[in-house]
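Chain by chain, the residues:
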Amino acid sequence: MFEHVLSVIIFLPILAGLLLLVTPASRTIARVTGLVISLATLVVSIDLYASFASTGHLEFVEYFPWIQSLGIAYHLGIDGISLFILMAGSVLLPMVYLVFTTKEKGYYANLLIVQGAMAGAVCAADMVLFYVFWELMLLPVFFMLGLYGGPKRLPATLKITLYTIAGSLLMLAAIVYLGVSYHAQFNEWNFAISKMAQLNLSGRVAAVAFFGFMIAFAIKTPLFPFHTWLPDAYTEAPTATTFVLSAIMAKIGVYGIIRMVVPVFDEQFARFAILLAYSGVIGMMYCGIAAIAQKDFKRMLAFSSASHMGIIALGVFCMNIQALTGSIYQIVAHATSTGVLFLFAGILEDRTETRTIDDLGGIAAKAPVFALFFAIAMLASVGLPGTNGFIGEFMIILGAIKFNTVIGVLAGTSLIIGVCYMLWMFQRVFFEKSSASSETFKDLSLVEGLTFLPVIILIIVMGIYPQPFLSKITPSVALQFSQNVPVVAQTVTTNALLPELTIEQK
Amino acid sequence: MTNDLMLLMPLIIVGAGAILLMLTSAFEKLDNEITAYGSAIIFALAFLVQLSACITGKAIVFSEAFNGILVVSNFSKAAGLIILACGLITALSSQTYFKQNSFCTPEYYSLTVFAASGMLLLTMAQELISVFIALEIMSLAIYILVGYDRKNVISTEAVLKYLMLGAFAGAFFTMGAAFVYGAVGSTKFVKISQFIASHGFSQSPAIIGGSLFILVAFLFKAAAFPFHAWVVDVYDGAAAPITGYMATALKTAIFAVFANFLVIDGSLQAGWIKYLFYISVFTMFVGNLIAIGQQSLKRMLAASGIVHTGYLLIALVAVNSTTFTGSVIAFYLAAYAAGTLGIFAALSYLGGVGEKRQTFEDFKGLAKVRPYSAAAISIFLLSMAGIPPTAGFMGKFYIITSAIDAGQITLAVLGIISSIISMWYYLRLIINMYFYEAQDQFSDTTSSQLAPICTFVLVVCVFAISLYPIII
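Residues numbered from 1 in each chain as written. Chains lettered and ligands numbered in written order. Predicted model: local features only at pLDDT ≥ 70, side-chain atom pairs only at ≥ 80, totals over all residues.

Thoughts on the overall build of chain A
This is how it is decided: Every helix listed is a DSSP run of H or I at least four residues long, and every strand listed is a run of E at least two residues long, numbered separately from the N terminus. Our radius of gyration is a C-alpha quantity, and the globule rule it is checked against amounts to 2.2 Å times the number of residues to the power 0.38. Each residue is classified by how many other C-beta atoms fall within 10 Å of its C-beta atom, where C-beta atoms are placed from the backbone; a count of 20 or more means buried, 12 or fewer means exposed, and values in between mean partly exposed.
Along its length, chain A carries 23 helices and two strands. Whereas a compact globule of 506 residues would reach a radius of gyration of roughly 23 Å, chain A reaches 22 Å, a difference of no more than 12%. On the principal axes, the C-alpha backbone points of chain A span a range of 70 × 55 × 40 Å. Residues counted as buried form 60% of the 506 residues belonging to chain A.

A closer look at the overall build of chain B
The line we're drawing: Two residues form a contact once the distance between their C-beta atoms, set from the backbone, is within 7 Å.
Each helix and strand counted, chain B has 19 helices and zero strands in total. Against the globule reference of 23 Å for 472 residues, chain B gives a C-alpha radius of gyration of 21 Å, in line with a compact fold. With respect to the principal axes defined by its C-alpha atoms, chain B has extents near 65 × 55 × 45 Å. Per-residue burial over chain B gives 61% buried out of 472 residues. Considering only intrachain contacts with a sequence separation of at least 6, the fraction spanning at least 24 residues in chain B is 82%.

Brief notes about the interface of chain A and chain B
The following threshold applies: As a working rule, the residues Ala, Val, Leu, Ile, Met, Phe, Trp, Tyr, Cys and Pro are called nonpolar, Asp, Glu, Lys and Arg charged, and the rest polar, with Gly in that last group.
At the junction of the two partners, chain A supplies 25 residues and chain B supplies 21 residues. Of all elements in the fold, only α6 (127-136), α7 (138-148) and α8 (153-186) of chain A reach the threshold of two or more residues within the side of chain A that touches chain B. Sort the elements by how many residues they give to the side of chain A that touches chain B and α8 of chain A lands first, with 14 residues. Classifying every residue of the side of chain A that touches chain B by side-chain character gives 20 nonpolar, four polar and one charged.

A look at the environment of Thr 187 of chain B
Along the chain, the position of Thr 187 of chain B falls in the loop between α7 (153-184) and α8 (189-199). In this structure, Thr 187 of chain B is in contact with Glu 127, Leu 128, Ile 129, Ala 177, Val 180 and Tyr 181 of chain B, ignoring residues within four places of it in sequence.

Topic: the nonpolar core
Note the threshold: To define a nonpolar core, we join buried Ala, Val, Leu, Ile, Met, Phe, Trp, Tyr and Cys residues through C-beta atoms within 7 Å and take the resulting set.
Counting residues in hydrophobic clusters, the biggest one holds 392 residues, and the most contacted among them are Val 261 of chain A together with Leu 122, Met 138, Ala 253 and Tyr 332 of chain B. Filtering out sequence-adjacent residues up to four positions away, Val 261 of chain A remains in contact with Phe 210, Phe 213, Met 214, Phe 217 and Phe 269 of chain A.

Looking at the confidence of the model for chain B
To keep things clear, this is the line we draw: pLDDT is defined as a per-residue confidence score from the predictor, taking values between 0 and 100.
Mean pLDDT over chain B: 86, with 95% of residues reaching 70 or higher. Both scores are given for the predicted complex: the pTM is 0.91, the ipTM 0.89.

Brief notes about the pairing of strand β2 (residues 72-78) of chain A
Residues and elements named next belong to chain A. Defined as follows: Paired strands are those between which DSSP finds at least two bridges.
Counting buried positions over the seven residues of β2 gives six, a clear majority of the element. Here strand β1 (residues 59-67) runs beside β2; their pairing, made up of six bridges, is antiparallel. Across the sheet, Tyr 63 pairs through a bridge with His 75, a residue of β2. Taking the residues between adjacent antiparallel strands as the criterion, β1 and β2 are bridged by four residues, where Gly 71 takes a positive phi near 70 degrees.

Quick word on the packing of helix α10 (residues 204-220) of chain A against helix α12 (residues 239-264) of chain A
Residues and elements named next belong to chain A. Put simply, the test is: Between N-to-C directions, angles span 0 to 180 degrees; the directions come from axes that are lines fitted to C-alpha atoms, helices contributing only their stretch in contact. Any angle that falls under 35 degrees is termed roughly parallel, while one over 145 is termed roughly antiparallel, one within 65 to 115 roughly perpendicular, and all others oblique. Crossing handedness is read from the near helix: turned anticlockwise from the far helix by less than a right angle, it gives a left-handed crossing, and turned clockwise, a right-handed one.
Axis separation between α10 and α12 bottoms out at 7 Å; the angle between their running directions is 160 degrees. With respect to α12, the axis of α10 lies roughly antiparallel. As for how α10 packs across α12, the hand of that crossing is left-handed. Between α10 and α12, the residues in contact are Phe 210, Phe 213, Met 214, Phe 217 and Lys 220 and Met 249, Ala 250, Ile 252, Gly 253, Gly 256, Ile 257, Met 260 and Val 261, respectively. Partitioning the contact of α10 with α12 into residue classes produces 10 nonpolar, two polar and one charged.

Brief notes about the environment of Ala 25 of chain A
All names here are of chain A. If you trace the backbone, Ala 25 turns up in the loop between α1 (5-22) and α2 (27-50). Linking Ala 25 and Met 118, residues 93 residues apart in sequence, is a C-alpha distance of 24 Å. Residue contacts for Ala 25: discarding those within four places in its chain leaves Leu 20, Ala 30 and Lys 105.

Digging into helix α14 (residues 297-317) of chain A
Every α-helix carries 3.6 residues per turn, so stepping three or four residues along brings you back to the same face. All names here are of chain A. Rules: For a helix, the expected span equals 1.5 Å multiplied by the residue count minus one.
Spanning 21 residues, α14 covers 30 Å between terminal C-alpha atoms, matching the ideal 30 Å at 1.5 Å per step. Taking burial as the measure, the 21 residues of α14 include 21 buried ones, the bulk of the element. Downstream of α14 by one or two residues, Met 319 has phi in the positive range, about 60 degrees.

Here we look at the packing of helix α17 (residues 368-382) of chain A against helix α19 (residues 405-430) of chain A
Residues and elements named next belong to chain A. Put simply, α17 and α19 touch, their axes get as near as 10 Å, and they point 170 degrees apart. As judged from the angle between their axes, α17 and α19 are roughly antiparallel. Taking contact as the criterion, the partners of Ala 371, Ala 375, Met 378, Ser 381 and Val 382 in α17 are, on α19, Gly 418, Val 419, Met 422, Phe 426 and Phe 430. Looking at the contact of α17 with α19, its residues break down into eight nonpolar, two polar and no charged.

Examining unusual backbone geometry
Residue Pro 222 of chain A is reached from Thr 221 of chain A by a cis peptide bond, and omega for that bond is -20 degrees. Turning to its location among the elements, Pro 222 of chain A is positioned in the loop between α10 and α11 (230-236). Here the residue pair Pro 388 of chain B and Pro 389 of chain B is connected by a cis peptide bond, since its omega of 5 degrees sits within 30 degrees of zero. Positionally, Pro 389 of chain B belongs in the loop between α16 (371-385) and α17 (391-405). The phi torsion at Glu 353 of chain A lies on the positive side, around 55 degrees, for a residue other than glycine. Secondary-structure assignment places Glu 353 of chain A in the loop between α15 (321-352) and α16 (363-366). With 9 C-beta atoms packed within 10 Å, Glu 353 of chain A lands in the exposed category. For Ala 223 of chain B, which is not glycine, the phi dihedral falls at a positive 65 degrees. Within the secondary structure, Ala 223 of chain B sits in the loop between α9 (205-221) and α10 (229-237).

A few points about the environment of Tyr 107 of chain A
Residues and elements named next belong to chain A. Mapped onto the elements, Tyr 107 comes out in helix α5 (residues 105-123). With 23 C-beta atoms packed within 10 Å, Tyr 107 lands in the buried category. With 133 residues separating them in the primary sequence, Tyr 107 and Ala 240 have C-alpha atoms 8.6 Å apart.

Pasting the structure below:
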C-alpha cells in the first residue's frame, strides 16, 4: 500500500496514545480514538498480510542509520515468524475497545502505546532497537497494572516490573557483548540481528551472554522457574492488561528466543537444549497441576496460560522444523484461545463481581451464546482436533518425540492435565446448580457477540484448514534451519535419541 | 590569536559577568529578579558562544598564548556546554525557588556564575596549579552557596561538613601536585606525560604518591567511595537548585579534569586501573545501599548521584589513553545532567515554602493533582534508571559498550546489576506519585513559570539527547 507500512503499524498507536495522555480527552473520546486507531492498524496489517510474499527473508524492510559510529540503525522488517505475532496483536486488540466500554482514558491510552511497542519489538531487525521497544512495552503494563489493577496490585506491579527489568538489563549487557564481538571479529560495528548469526561464539563469556538472553526471554515468556511473577500479575491486572500480557507479550518472549538466541548462540543452544526442554516440560506440568487447584478462575487461566507457554517454548527447544513451525502456529492459536478466554473471564468478573469458581454455576442456561463461545475457545486451548490448538500442539509433540522420546511422551501426557482443569472449571461455572451471583447473568450483547465471532471463526478455520497459514510460516523456518548447520550437527551427537531423524535440512 | 580568544570567550564572558554581577549587586535598586535574569543572560550568551565554537571550530591547542596550560579539546567544549546549560537552568529555577524561600540576595546569582567560571577553567586546565586554582574558584563559590540559608541549621551543618572535608581534599591536591613537581620538575600535563613515558610510572615513588593524592582529591569532589560520606548531608542541606547545580555541573567539571589527568599517560591509567575498578564497584553498590534506605527525596537523589559517579568511573576505567575522546563520558554527563537537573527544577517549584515537601510520602498522588509535573518527574527518573528511549539509556548503553570493548566485562555486568537495584528507588517515587490518592493539593506553588518551563525543556532534552546522539 505504502512504503513505511511497519512504521505506521508501530507509531500510529504510540502517537495516538501519547496524544490522549497529554490532552484532557474524555473517556468516550479515548475509547473511540483507541477503537479507530486499532482498527486502522488492523486494516494496514491485513493489507500487509495479503501482500506478504513468504520468501523466508525479511520483507517490508525499512532502514535508516541511527547511531552510525556504532552501526545502530532504525531497521525494521518481518518474516514468516514475526508476521503472525504482529497479526495476532493487530487482530486481537481492537476487541478490547468494543468489549470494555467504561474504562478510564489512561487505560485506553496505555493500551494503544503497548500495542505499538509490541509491534515494534516484533518488527525490529536491530538488537538495540529491539531492546528499546522491549523495555518500552513494559511501561504501559506497569501503569495499567498499578493504576487500574485489583486490590493487591502494588506488590504484583513491583514484582513484574523488577523481575522483567532485571532480566532485560542482563540482556542489554549480552546485546552489547554481541556488538563488541562483532566489532572484534569483523572490524565493523553492527547490531543487526541477521548479522549476528555469523558470529563465532564460544567459551565461558559466550555462555554467560547466552543465559543473559535466555533469562530475559524466560522471564517474559514465562518459563519455569522464572514464572513466579505471573500468577499475581495476571490475576491483579485489569483484563485488558492480562489479555495483552498473555496473548502477545508472552509470545514476544518466545519470539526473542527464536529470533535472537537460536541463530546466534547455536552452539550454546544445542548444548543446553535438553535442559531448556525439560524446563519447558516441567513448567507445563507444574503450572497445569497448579491450575487444577485454583479457586479463582482468572488465576486458573493464568496458570493455564503459563502451562501452554511451556509447550510453545518446548517446540522452540526441540530444534526441528516440525516443532518450530508448530510453535509459531501455536503462538497464534494460544493468542486467540487464551486471549479470548481472558476477555471472557473479564466479562464474567464484570457481570458477576466475583472471580471465585465456587460462587458461580449454571451460566450456560442463562447465557447460551456466551457458553458456546467460551466452550470453543476453551476446547481450542486444550487442543481439541478441529480447533487451531490441535494443529500446533500436534506438530510440537511430533517434533518433541523426534528430538527426544522421553520429552515427547512427557509433553504429550501433560496435555491431559490441561483437559482436566479446563473441563472441570467449565462444568462448575457453566453447568451444575445456578448460584446467586450468576442468577442475573446477561448473555453477550449483539456488539460483543459480533466482536468475538471473527476470532471464534478464525479458531475453527485455522483448525480445519491450516495450510494457507503454514505456507507463510514454513519458508522462514526452513531458512532458519538451513543457516544453522552447527545446531543440527550438535544435536546428533548430544541430545537426540534417534539421530538420523533430526537432520532437517532437506 | 582571534581564534584563541574565541575559544576562550565563554570563560571570559562568564568571568567578567560574575564580577559585573558582584559589583552591581551592591546597588540597592537591583533586586533578586534582575540579577537572576542577568545571570541567566550571561549563561545563555556564553552557552551560545560555546555552541557556535562547538559547531564550527576544530580543536586548537593554544600552546602559544598560555604556554600550554589551557587546552581546548572537543571534550572540554562538550563539558563546557553542559556546565553552561546547567548554569542557565539553575539560574532560572532559582528565580522560581526564591519566590517561596526568602534567603536570597543578589550575590547568590553572582556566585553561581563564579562557580561556573571555575568549572569552565577546570575543563580546560592541563596544568596542576591551574587545576588547583580552578578547583578553588569553583569550590569557594559552592561552599557559600551550600550554606546560603544561614538561619537553617541543616544548611549550616552541610556547609561546615563540606568546607572542612573540601579543604582537606584541596590540601591533598596541593600535596600531590608538589610531589609530582618534585619528581618531574614541571606541573604541566604534557611534561608529566613525557616524564612517565621515559621513566615508567612505577619507578618513581613521588609520581605514585603524588598521583594518589591528586586522585583522592578528585574522588572526593566526584563523591566516589570511600570519600562519599559528605554527599548525602550536603546535598540535603543545600537549596534545591544548588543541589542540582552541584550534582550536575560540578560533577561534569570534575570528571572532565579527572579524565584529562588520567589519560596523560597510558601507564598512569594502567597503574590505577585496578583500584579504580574496585572504587567504581564499591561506589555503585554503596550508593545503592544508601539510596534504598532514604525517606527524603533529596537524600535519595544525592545517593543516586553517588551511584552515577560509579557509572562514570566505569567509563574512566574503560578510557583508552591513546584514542581518548571523552565522548562516552561527555554523553553520559549530558544525559545524567538533563535528568537530574530536571528533577531539581521540578523540586524547586513543587517543594513549597521552606522546602516543606521532602519525603516520598509528601509526593503521594502528585499525578492526580499535577499530572504534567508528575509525568516529567517520571521521565527524569526513568532516564536516570536507564530505561529507553530516554537519554539515560543511551548513556548507559555507551558506558557498557565502552567497558565491554575495553575487556572489562565483569565491571559492565556489575554496573548492570547495580542499575537493577537502583530501579527500586526510582520506581518507588513513581509508584508514590501515581498509585496513591492525592493528600496534598500542591496549591501553594508559586506563579512563576520559569522552573516549570525549564522542567519541560529538559523533558524534551531527555528525548532529544537520546534520539540524536550527535556527540558520539
